[in-house]
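Listed below are the residues making up each chain.
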Amino acid sequence: MSTSTTTAAAPSKAKVAVAVAVGNFMEWFDFAVYGFFAVIIGQLFFPPDTSEFVAILSSLAVFAVGFFMRPLGGFILGPIGDKYGRRTALAVSILAMGIATTIIGLLPVYATVGILAPILLVLCRCIQGLSAGGEWTGSAAYLIESTPTAHRGKFGSVISATAALAIIVGSLFALLLNSILSAEDLQTWGWRVPFLMAAPLALIGLYIRMRLGETPVYKAVEAKDEKEKAPVLRAFKENWRPILLTVAIAAVQGTGFYYLATFIVNYLMTVVGIERPLALAMSATGLSVYMVLCPIAGALSDRFGRRRLNIIGTIGYVLLPIPVFMIMSGADGAFAPVVLAMILLTMTQALVSVTTVVMLVELFPASNRSSASAIGFNFALAFIAGPASYVGVWLAGTTGNPVSPAWYLVVLALIALPFIWKWLPETAGRDITADHQAERGDALGLDLGHLEDHVPGATSAQPTATTEQR
């Protein structure tokens, strides 16, 4: 089959990677700084007679609103990407994220405007959630559709790696503010600084994205007049199987990342009893290793296939979380054992994360790809992965067992693994320019009895070399 998906020169591919990275960085930078300043936000935006515990819970509840808005964002931005172009969807998502995040940094607090303060905060979080609902899948579509077939995994790793980088930078920047500002200055104006940084980042990202052309795949859809008038309806009608598969792989991927990005650092502080600076240093070290492992995982998926690596990563989440939490809880705060334990999870996470990014594109037909992938991905993140940190805290608090947060990861992976093993096809080398399933060869018609024939390197169905591969 023909798999030539791009003729872009190297500089164009570099610009595409940067354009995708900026928006993705913004989304996760906000994720990090909001979590770090949740205590201050709770104190400033809710009634002063509220207890500190209730204020924190209220702040986290507002934070959770963004997760639950993600599916709606997918329903809005996904069709925009299918009907008006991938670049248009990316421009809308980064503009909305930038505006909402900047406004949070400018919002009046409860002492100034009363109940209007939390209402405005919730509205901003809703807009951020809508934007995030289209950012990850939209970025995946744009990046992978602009990438040579043989290197989709390597380029797709940019999305996973920049998410880790944003968490690291956001957390360290918040810690820097805590270190150099007095408690009064931090509560008065210091907490606003990282949110206001979204304005220049959004403008830079928007400028870069608007200077890019449309993807070769979307141009082909336009040329063949295959743009969908109702891409969501067609997605549910013709692609419900890959949507369900996306829920399975994204649930494991998203839960693993939220554990690494936010839960573990709080676990080290509250359960293990490690001081915040050391816990943050441990978390940043583990995430740095993960960031380095992402392009390696991407290259491996280009060589050995997405299915194989995703299954290995999912099995890793069945076997590793309990030993990892046993090591972390029993390390008495020692740096090396905790970081080594985290690295075990980062190895597993890199495999599931990078393969999920690429399969968000390769699993779906070109004309409704943005819509279909956003439905499955955002459902998993909103209702399965999103609550992961809260479930972990609840398990540790109610059982008194420091290893109990691992159970959520293990049970989730155990549930997802049979579905992934039985129904996930090999997608590496697939023609992502084709639309209807019949045109996509093995495309989830779902002749899964011969999946091994489609694994890269197999002699029976070796993908045709593209011009750029030659």
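Here, every reference points to the structure presented above.
An account of the accompanying structure is given in this report. (Residues numbered from 1 in each chain as written. Predicted model: local features only at pLDDT ≥ 70, side-chain atom pairs only at ≥ 80, totals over all residues. Heavy atoms only, no water.)

### Brief notes about the overall build of the protein
Part 1 of the argument: Check the secondary structure of the protein and you find 20 helices and zero strands.
Part 2 of the argument: By residue count, 59% of the 470 residues in the protein fall in the buried class.
Part 3 of the argument: Pairs at least 24 residues apart make up 85% of the contacts formed inside the protein by residues separated by at least 6 positions. (Helix = DSSP H or I, 4+ residues; strand = E, 2+ residues; numbered from the N terminus. Buried < 20%, exposed > 50% of the residue type's maximum accessible area, 1.4 Å probe, protein only. Contact = heavy atoms within 4.5 Å.)

### So, the nonpolar core
It is characteristic of soluble globular proteins that their nonpolar side chains tend to be buried jointly.
Part 1 of the argument: By size, the foremost hydrophobic cluster in this structure holds 122 residues, and its most contacted members are Trp28, Phe37, Phe45, Trp191, Leu268, Phe325 and Met328.
Part 2 of the argument: For this core, the element with the highest residue contribution is helix H13 (residues 240-270), accounting for 19 residues.
Part 3 of the argument: Discounting residues that sit within four places of it in the chain, methionine 328 has contacts with Ile264, Tyr267, Leu268, Val272, Val338, Ala341 and Met342. (Core = buried A, V, L, I, M, F, W, Y, C linked by side-chain atoms within 4.5 Å.)

### Focus: the layout of surface pockets
Part 1 of the argument: Roughly 280 Å³ of internal volume is contained in the second largest pocket.
Part 2 of the argument: Along the walls of the second largest pocket sit 14 residues, with Leu244, Leu245, Ala248, Phe419 and Trp423 positioned nearest its centre.
Part 3 of the argument: Mapped onto the lining of the second largest pocket, the elements with two or more residues apiece are H13 and helix H20 (406-423).
Part 4 of the argument: If one sorts the elements of the lining of the second largest pocket by residue count, H13 sits on top with seven residues.
Part 5 of the argument: Classifying every residue of the lining of the second largest pocket gives 13 nonpolar, no polar and one charged. (1 Å grid on protein atoms, 1.4 Å probe; cavity = no way out; pocket = protein on both sides within 12 Å on 5 of 7 lines; lining within 4 Å. Points joined across faces, edges and corners; volume = space filled by probe spheres on them. Nonpolar A, V, L, I, M, F, W, Y, C, P; charged D, E, K, R; others polar.)

### With respect to helix H12 (residues 231-238)
Part 1 of the argument: Three or more residues of H12 are buried, namely Pro231, Val232, Arg234 and Ala235. The buried residues of H12 occupy one face: seen down the axis, they fall within an arc of 165°. Exposed residues lying more than 90 degrees from the buried face of H12 are Leu233 and Lys237. (Arc of directions from axis to C-beta.)

### Brief notes about a nonpolar patch on the surface
Part 1 of the argument: A surface patch of nonpolar side chains, amounting to about 670 Å² of accessible area, comprises Ile322, Met326, Trp407, Val411, Ile415, Phe419 and Trp423.
Part 2 of the argument: When contributions to the nonpolar patch are tallied by element, the ones reaching two or more residues are helix H16 (321-329) and H20.
Part 3 of the argument: In terms of residue count, H20 provides more of the nonpolar patch than any other element does, five residues in total.
Part 4 of the argument: Among the structural elements, tryptophan 407 can be located in helix H20.
Part 5 of the argument: Here tryptophan 407 falls in the partly exposed class, since its relative accessible area comes to 37%. (Patch = residues over 30% accessible without salt bridge, like charges linked within 9 Å, V, L, I, M, F, W, Y side chains within 5 Å. Areas by Shrake-Rupley, 256 points an atom, 1.4 Å probe, with all protein chains shown as cover. Salt bridge = Lys/Arg side-chain N within 4 Å of Asp/Glu carboxyl O.)

### Focus on the side chain of arginine 369
Part 1 of the argument: Here arginine 369 lies in helix H18 (residues 369-385).
Part 2 of the argument: Look at arginine 369 and you get buried, because its relative accessible area is 1%.
Part 3 of the argument: Beyond its immediate stretch of four places on either side in the chain, arginine 369 contacts Asp82, Arg86, Glu145, Val217, Leu360, Val361, Phe364 and Ile432.

### Focus: the environment of asparagine 239
Part 1 of the argument: If you trace the backbone, asparagine 239 turns up in the loop between H12 and H13.
Part 2 of the argument: With relative accessibility at 1%, the residue asparagine 239 sits in the buried group.
Part 3 of the argument: Along the sequence, asparagine 239 and arginine 369 sit 130 residues apart, while their C-alpha atoms lie 9.7 Å from each other.

### Considering the state of the cysteines
Part 1 of the argument: One pass over the full model with this rule turns up zero disulfides.
Part 2 of the argument: Note on cysteine 124: no disulfide assigned, nearest cysteine sulfur contributed by cysteine 126 at a separation of 9.2 Å. (Disulfide = S-S within 2.5 Å.)

### Some thoughts on the packing of aromatic side chains
Part 1 of the argument: Applying the stated criterion to the full structure yields 17 aromatic pairs.
Part 2 of the argument: Measuring from ring centre to ring centre gives 5.8 Å for phenylalanine 25 and phenylalanine 29, while their planes differ by 15°; the resulting arrangement is stacked. With a gap of four residues between them, phenylalanine 25 and phenylalanine 29 both fall in helix H1 (residues 10-36), about one helical turn apart. The same class applies to phenylalanine 25 as to phenylalanine 29, namely buried.
Part 3 of the argument: Taken together through their ring pairs, the aromatic side chains of Trp28, Phe67, Trp136, Phe257, Tyr258, Tyr290 and Phe377 make up a single cluster. (Phe/Tyr/Trp six-rings, centres within 6.5 Å; stacked < 30°, edge-to-face > 60°.)

### Observations concerning the packing of H13 against helix H19 (residues 388-399)
Part 1 of the argument: Running from amino to carboxyl end, H13 crosses H19 at an angle of 70°, the nearest separation of the two axes being 9 Å. Here H19 runs roughly perpendicular to H13, going by the angle between their axes. The handedness of the crossing between H13 and H19 comes out as right-handed. Where H13 approaches H19, its residues Thr255, Tyr258, Tyr259, Thr262 and Phe263 are matched on the opposing element by Ala388, Ser389, Gly392 and Val393.
Part 2 of the argument: For the contact of H13 with H19, the residue count by class is five nonpolar, four polar and no charged. (Axes fitted to C-alpha atoms, helices over the stretch in contact; angles between N-to-C directions. Parallel < 35°, antiparallel > 145°, perpendicular 65-115°, else oblique. Left-handed = near helix turned anticlockwise from the far one by under 90°.)

### Details of helix H14 (residues 276-304)
Part 1 of the argument: The end-to-end C-alpha distance of H14 is 40 Å, a good match for the 42 Å that 29 residues give at a rise of 1.5 Å each.
Part 2 of the argument: The sharpest bend along H14 comes to roughly 30°, located at leucine 293, with the proline proline 295 sitting one to four residues further on. (Expected span 1.5 Å × (residues − 1). Bend = angle between axes of the 7 residues up to and from the residue.)

### Overview of empty space enclosed by the protein
Part 1 of the argument: Applying the stated criterion to the full structure yields four cavities of 30 Å³ or more.
Part 2 of the argument: Its boundaries defined by the atoms lining it, the largest cavity holds a volume of some 140 Å³.
Part 3 of the argument: Put simply, the parts of the chain that give the lining of the largest cavity at least two residues each are H1, helix H3 (52-83) and helix H6 (116-145).
Part 4 of the argument: Across the lining of the largest cavity, the residue classes tally to seven nonpolar, three polar and four charged.

### Things to note about the pattern of salt bridges
Part 1 of the argument: The final tally for this structure, using the stated rule, is seven salt bridges.
Part 2 of the argument: Note that arginine 86 is salt-bridged to aspartate 82, the shortest N-O span being 2.9 Å. The same class applies to arginine 86 and to aspartate 82, which are both buried.
Part 3 of the argument: In this structure, arginine 152 engages glutamate 362 in a salt bridge whose closest nitrogen and oxygen atoms are separated by 2.8 Å. You can see arginine 152 sitting in helix H7 (residues 152-180) and its partner glutamate 362 sitting in helix H17 (residues 335-362), a full 210 residues away along the chain. When sorted by exposure, arginine 152 lands in the same class as glutamate 362, which is buried.
Part 4 of the argument: Connected through salt bridges with shared partners, the residues Asp82, Arg86, Glu145 and Arg369 form a single ionic network.

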